[in-house]
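# Residue-level structure breakdown
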Amino acid sequence: MKPTNQQKLILDYDGNSVVIAAPGSGKTFVLSQKIKQNLKLLLDHQGIIAISYTNKASNELKSRSLSNGEKPKSSFFGTIDKFNLSEIIIPFAKHLFGIPANEFKIIKNSSLSNEEKEHFEWLDRKITLEELDEEIINIIKEYFLKGLILIETIGVFADYVFTNSIACQKYIKSKYKFIYIDEYQDSGYQQHQIFLKILNLNITATAVGDLNQSIYAFSGKDSKFLLELTENDSFKYFKLDKNHRCHPSIINYSNYLLNPKTELIPVDNNQILFIRTDGNEISIANWIDKYIETIQNTFNVKKLNQIAILTRGNRTGQIIDENLNSKHRLFVSNALDINLNIWSAIFSNLLYFVFDRGHKFIDVIEVFSSYEKFSSKELKKLKLYKQNLESIAIQEPINKEALKTEFIKIAKVISPNTSSQESIELLQSVLSNEIELNSYQSAEEDEINIMTLHKSKGLEFDVVIHLDLYEWILPKKKPGPNNDFNNPIYDNWTQDVNLHYVGITRAKNGCILISSTKRTNYEYKQKQGKDSEFIWDNNIKELRHK
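Residues numbered from 1 in each chain as written. Predicted model: local features only at pLDDT ≥ 70, side-chain atom pairs only at ≥ 80, totals over all residues. Heavy atoms only, no water.

### Topic: empty space enclosed by the protein
Selection rule: Site definitions follow a grid-based scheme: protein atoms alone, a 1 Å grid, a 1.4 Å probe that fits but cannot get out for cavities, and for pockets an open set with protein on both sides within 12 Å along at least five of seven lines, plus lining residues having an atom within 4 Å of a point. Grid points are joined across faces, edges and corners, and a volume is the space filled by probe spheres set on the points. Here the nonpolar group is Ala, Val, Leu, Ile, Met, Phe, Trp, Tyr, Cys and Pro; Asp, Glu, Lys and Arg are the charged ones; every other residue, Gly included, is treated as polar. Each domain's extent was defined by an automatic or database domain assignment.
Within this structure, the stated rule accounts for five cavities of 30 Å³ or more. A volume near 110 Å³ is recorded for the second largest cavity. Taken together, 13 residues line the second largest cavity, and the ones lying closest to its centre are Ile90, Ile106, Leu340, Asn341 and Ile342. Of the residues in the lining of the second largest cavity, the class split is seven nonpolar, five polar and one charged. If you count residues domain by domain, the lining of the second largest cavity takes at least three from each of domain 2 (84–157) and domain 4 (335–432).

### Side note on the environment of Arg544
Here is the rule we go by: Working definition: helices are DSSP H or I runs of at least four residues, strands are E runs of at least two. Numbering for both runs from the N terminus. To sort residues, take the accessible area from a 1.4 Å probe on protein chains only and compare it with the maximum for the residue type: under 20% means buried, over 50% means exposed, and anything in between is partly exposed. Note on contacts: a residue pair is in contact if any heavy atoms of the two residues lie within 4.5 Å. In protein, a polar contact requires one atom able to donate a hydrogen and another able to accept it; more generally it is a pair of N or O atoms within 3.5 Å, and residues adjacent in sequence count only if both atoms are side-chain atoms.
Tracing the backbone through its elements, the reader meets Arg544 in the segment after helix H23 (533–536). Note on Arg544: relative accessible area 4%, which makes it buried. Spatially, the C-alpha atom of Arg544 lies 9.8 Å from that of Leu513, the residues being 31 residues apart in sequence. Setting aside residues up to four positions removed in sequence, Arg544 forms contacts with Tyr253, Asn270, Ile272, Leu273, Phe274, Leu513, Ile535 and Trp536. Engagement of the side chain of Arg544 in a polar contact is seen with the backbone oxygen of Ile535, the distance being 2.7 Å.

### What about the domain arrangement of the protein?
Its domain assignment divides the protein into domain 1 (5–80 + 164–240), domain 2 (84–157), domain 3 (248–332 + 442–543) and domain 4 (335–432). The C-alpha-based centres of domain 3 and domain 4 are spaced at 36 Å.

### Description of the UniProt feature "binding site: ATP" (unreviewed entry) in the protein
Test applied: UniProt positions are given in the numbering used here, feature names are shortened, and annotations may be inferred rather than shown by experiment.
As annotated by UniProt and renumbered to match this structure, "binding site: ATP" (unreviewed entry) occupies Ala21, Ala22, Pro23, Gly24, Ser25, Gly26, Lys27 and Thr28. Within the secondary structure, Ser25 is located in the loop between strand S1 (17–21) and helix H2 (27–41). Residue Ser25 is classed as buried on the basis of its relative accessible area, which comes to 2%. The contact partners of Ser25, leaving out residues within four places of it in the chain, are Gln7, Leu240, Lys242 and His244. Polar side-chain contacts of Ser25 include one of 2.6 Å to the backbone oxygen of Ala22. Tracing the backbone shows Thr28 in helix H2. Exposure remark for Thr28: the relative accessible area of 18% places this residue in the buried category. For Thr28, the residues in contact, after removing those within four places along its chain, are Glu60, Leu61 and Arg64.

### Some words on the pairing of strand S16 (residues 507–516)
Quick reminder of the rule: When DSSP locates at least two bridges between a pair of strands, those strands are taken to pair.
Within S16, eight of the ten residues are buried, which leaves it mostly tucked inside the rest of the structure. With six bridges connecting them, strand S9 (residues 272–277) and S16 associate as parallel partners. The partner of Thr277 across the bridge, within S16, is Ser516. Pairing analysis gives five bridges linking strand S13 (residues 461–466) to S16, with the strands arranged parallel. Note on S16: the bridge partner recorded for Phe461 is Ala507.

### A few points about the packing of aromatic side chains
To keep things clear, this is the line we draw: Note on ring pairs: Phe, Tyr and Trp rings are taken, using the six-membered ring of Trp, and paired if centres are within 6.5 Å. Classes follow the plane angle, with under 30 degrees stacked, over 60 edge-to-face and the rest tilted. Whether a charge sits over a ring comes down to the Lys NZ or Arg CZ being within 6 Å of the ring centre and within 35 degrees of the ring normal.
In total, this model carries 22 aromatic pairs according to the counting rule given. Ring centres of Phe144 and Phe157 lie 5.9 Å apart, and the angle between their planes is 90°; on these two criteria the pair is classed as edge-to-face. Of this pair, Phe144 sits in helix H6 (residues 134–145) while Phe157 sits in helix H7 (residues 154–164), and the two are 13 residues apart along the sequence. Like Phe144, the residue Phe157 is buried in the burial classification. Centroid distance Trp493 to Phe534: 5.2 Å. Interplanar angle 75°. Geometry classified as edge-to-face. Note that Trp493 is positioned in helix H22 (residues 493–504) and Phe534 in helix H23, a separation of 41 residues in sequence. According to the relative accessible area criterion, Trp493 is partly exposed, its value standing at 32%. With a relative accessible area of 2%, Phe534 lands in the buried category. Three or more aromatic residues link up through ring pairs in this structure, and these residues are Phe97, Phe104, Phe144, Phe157 and Tyr160. Its end group placed over the ring of Tyr13, Lys236 keeps NZ or CZ at 5.9 Å from the ring centre.

Spelled out as structure tokens, the structure:
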């Protein structure tokens, strides 16, 4: 692939940079090419830090960065929580606090007793490093010495260790020469602080994101940190605003959604259309069944897995899953995927290896250690276990107990000192849930994808069928003071506009927006279905197919 002029400017620049990248602008291509360039300059004991928002995005970036046989050397690919745990907290907190009595276990605040929760009331304040007092530090220390780390404290804990451990700073400075953070619009305060402190170690830093794709404010993420970097004199500011993926009419529609004053691209036809069915979500499933062949023919879709049905929440996805006759696959998240125990990450990656042919075994074993660091004896074991997995995978039905046994054997080789009964229980839960288990397998060529808008981020399809476009649902709102339905309050209009924008821009050739005259609420009761404000605001209908 030949770089565009915009992409080439970024690839040729070797200083700190912040890149604002629109959907379909080739940001992953640029990131992977820059990483390839960096790896050529590094010694074997040196590496790059590449932070992605999800494990899946991290695996893709790593795969593309090493696509020509490049050696990762001592690089880190993963999420910010994994970096904070594996490179800062676990190796260096013991220098400040002492040696833990037990193997590490990552827990949630919600799993604590009510009495223990009182020790962590300060968590609700999204505390900063400057606000940590001696009492709070002692609480974190007490739990650390028990081998317990709360998920909610990882950010501020890592910031504390990094700031107070000279050994940690020296280690990061000597090992890493470049740091990349993707999806920076979804950074939280602590991730932003760690990034700036690593920058101050004279490590070349690159942040990439899109202010219009910020959709995780509910979990404390904020696009203002990306905006700050664009105004920071330490960074050169680049734009990747040419969408090479979507049909021009989809680009027009999505940009107009954000700003009605946007300059429109001349187009012969608009490939976004709006449908309202008579009935509830079941009527939508029936409509899709009736017109799926027409959709394929209209947009020249060769394979059904290039069509995605996107929903605001899991409830609508489940209703469509239960009532759609066309072959399809429902994708849902699960507790194993988001659990931060090392064994959980290994198990999750092993499930992708077993059920998705696009995942390689080496990506599993290099989650927390490079291939070269395993002894010949360990590699021999891993080779045997891989063969066992491949034998189990072709059985019908798959022997799930045998699968779990092999997973545990592999985890004991990859990370023997972080065994976790919680991870084993979460694995068992996934193996017992067919819907969760099926989510690890890519849709077959003759299956339509069903997933949430949040889960679709970073993906692309020939055609997107965008659901949940109801008043009160997207954008989300609630009655005003004294239960005043005539003067409702929007939860976060900007975040919901961004979420709608993300859904539309997953489509390359066509986007079908669907509402219905009735909808199902969270209690599974039928309500009147009114169209979302996004369907009619600012006369946007003029940019849809008539």
